[in-house]
Amino acid sequence: MDKRSIFERDYAGEPVSPNEPDYQLLIADIEDCMAKANELNSGRFSFAEARKRFGEIIGQEIDDSSLIMPPVYIDYGKHVKMGKGCVIQQCCTFFGRCGIELGNGVFVGPKVNLITINHDPNPENRSTTYGKKIVIDDNVWIGIAATILPGVHLGYGCIVGANTVVTKDVPAYAIVAGNPAKIIKYIEH
């Protein structure tokens, strides 16, 4: 029998179901994280205070070189990591249960969705979730309203165009756009 907690299995991307006895522990963590995000989003905070409060949500002191612009929607902050010099613009959504890693100098435009969780395609088991970590290398720019799906790795310096849906890894220096994302060209460097 698997002795790992639901948190360990969830973070590993293994299926977890509301039918499991400890599922409510995961839900309680999600509710706590979302309550903290609601506090951040409902206040009139300076950027310094917003950065501090977002750091408390993800359990990391965020460097003063980074900028957080509320509102920010996040369901699970414990597995979100952020480098220095990042900009997170307003109305971004982080579904972070399987991990989101932002390198240094990452620019995240307004209304961007970083989604690490998916649902079982079987309609009889649809409430079961599983996922994969998102990794975003240094100096990536994600345009307004783009969506990054589970398991995607965005390579160094790439650009994701506005409204793009990224379903596969993007190489370093690539510019992608569309649904699903396609490489348009590469940045000369």
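Scope of this entry: the structure provided in the associated data block. (Residues numbered from 1 in each chain as written. Predicted model: local features only at pLDDT ≥ 70, side-chain atom pairs only at ≥ 80, totals over all residues. Heavy atoms only, no water.)

Some words on the overall build of the protein chain
Okay, step 1: A tally of helices and strands in the protein chain yields three helices and 18 strands.
Okay, step 2: Scaling as 2.2 N^0.38, a compact globule of 189 residues should have a C-alpha radius of gyration of about 16 Å, and the protein chain matches this with 17 Å.
Okay, step 3: Its C-alpha atoms give the protein chain principal-axis dimensions of roughly 50 × 40 × 25 Å.
Okay, step 4: Residues classed as buried in the protein chain amount to 43% of the 189 residues present.
Okay, step 5: Across the protein chain, the fraction of contacts at a sequence separation of at least 24, relative to all contacts at a separation of at least 6, is 26%. (Helix = DSSP H or I, 4+ residues; strand = E, 2+ residues; numbered from the N terminus. Rg over C-alpha atoms; globule rule 2.2 N^0.38 Å. Buried < 20%, exposed > 50% of the residue type's maximum accessible area, 1.4 Å probe, protein only. Contact = heavy atoms within 4.5 Å.)

Let's talk about the pairing of strand β17 (residues 174-177)
Okay, step 1: Strand direction decides the pairing type here: strand β15 (residues 159-160) and β17, joined by two bridges, are parallel. Of the residues in β17, the one forming a bridge with Ile-159 is Ile-175.
Okay, step 2: The sheet contact formed by β17 and strand β18 (residues 182-186) spans four bridges and is antiparallel. Each residue of the ladder has a partner; that of Val-176, found in β18, is Ile-183. (Pairing = 2+ DSSP bridges.)

A few points about the sheet that holds strand β11 (residues 134-136)
Note on sheets: strands pair through backbone hydrogen bonds, and any given pair is parallel or antiparallel.
Okay, step 1: Strand order across the open sheet formed by four strands is β3-β6-β11-β14, with parallel pairing between neighbours. Looking along the sheet, the strands with just one partner apiece sit at the ends: β3 (80-82) and β14 (153-154).
Okay, step 2: For strand β6 (residues 100-102) and β11, the ladder comprises three bridges, and the chain directions are parallel. Its bridge partner lying in β11, Ile-100 is registered against Ile-134.

Here we look at the packing of helix α2 (residues 23-42) against helix α3 (residues 47-58)
Okay, step 1: Following both chains from N to C, one finds α2 and α3 inclined at 175°, their axes separated by 10 Å at the closest point. Between α2 and α3, the angle is such that the two are roughly antiparallel. Where α2 approaches α3, its residues Cys-33, Lys-36, Ala-37, Glu-39 and Leu-40 are matched on the opposing element by Ala-50, Arg-53, Phe-54 and Ile-57.
Okay, step 2: Its residues placed into classes, the contact of α2 with α3 shows six nonpolar, no polar and three charged. (Axes fitted to C-alpha atoms, helices over the stretch in contact; angles between N-to-C directions. Parallel < 35°, antiparallel > 145°, perpendicular 65-115°, else oblique. Nonpolar A, V, L, I, M, F, W, Y, C, P; charged D, E, K, R; others polar.)

Re the packing of aromatic side chains
Okay, step 1: Per the counting criterion, the structure on display carries two aromatic pairs.
Okay, step 2: Pairing Phe-54 with Phe-94 gives two aromatic rings, centres 5.8 Å apart and planes at 55°, and the pair type is tilted. Of the two residues, Phe-54 is situated in helix α3 and Phe-94 in strand β5 (residues 92-95); the sequence distance between them amounts to 40 residues. (Phe/Tyr/Trp six-rings, centres within 6.5 Å; stacked < 30°, edge-to-face > 60°.)

What about the nonpolar core?
Okay, step 1: Grouped together as the largest cluster of nonpolar side chains are 37 residues, with contacts concentrated most on Phe-54, Phe-94, Leu-102, Ile-142 and Leu-154.
Okay, step 2: Contributing elements (two or more residues each) for this core: α2, α3, β2 (72-74), β3, β5, β6, β11 and β17.
Okay, step 3: With four residues, the single largest contributor to this core is α3.
Okay, step 4: When residues no more than four places from it in sequence are discounted, the contact partners of Phe-94 are Phe-54, Val-72, Tyr-73, Ile-74, Asp-75, Val-80, Ile-88, Ile-100, Leu-102 and Leu-114. (Core = buried A, V, L, I, M, F, W, Y, C linked by side-chain atoms within 4.5 Å.)

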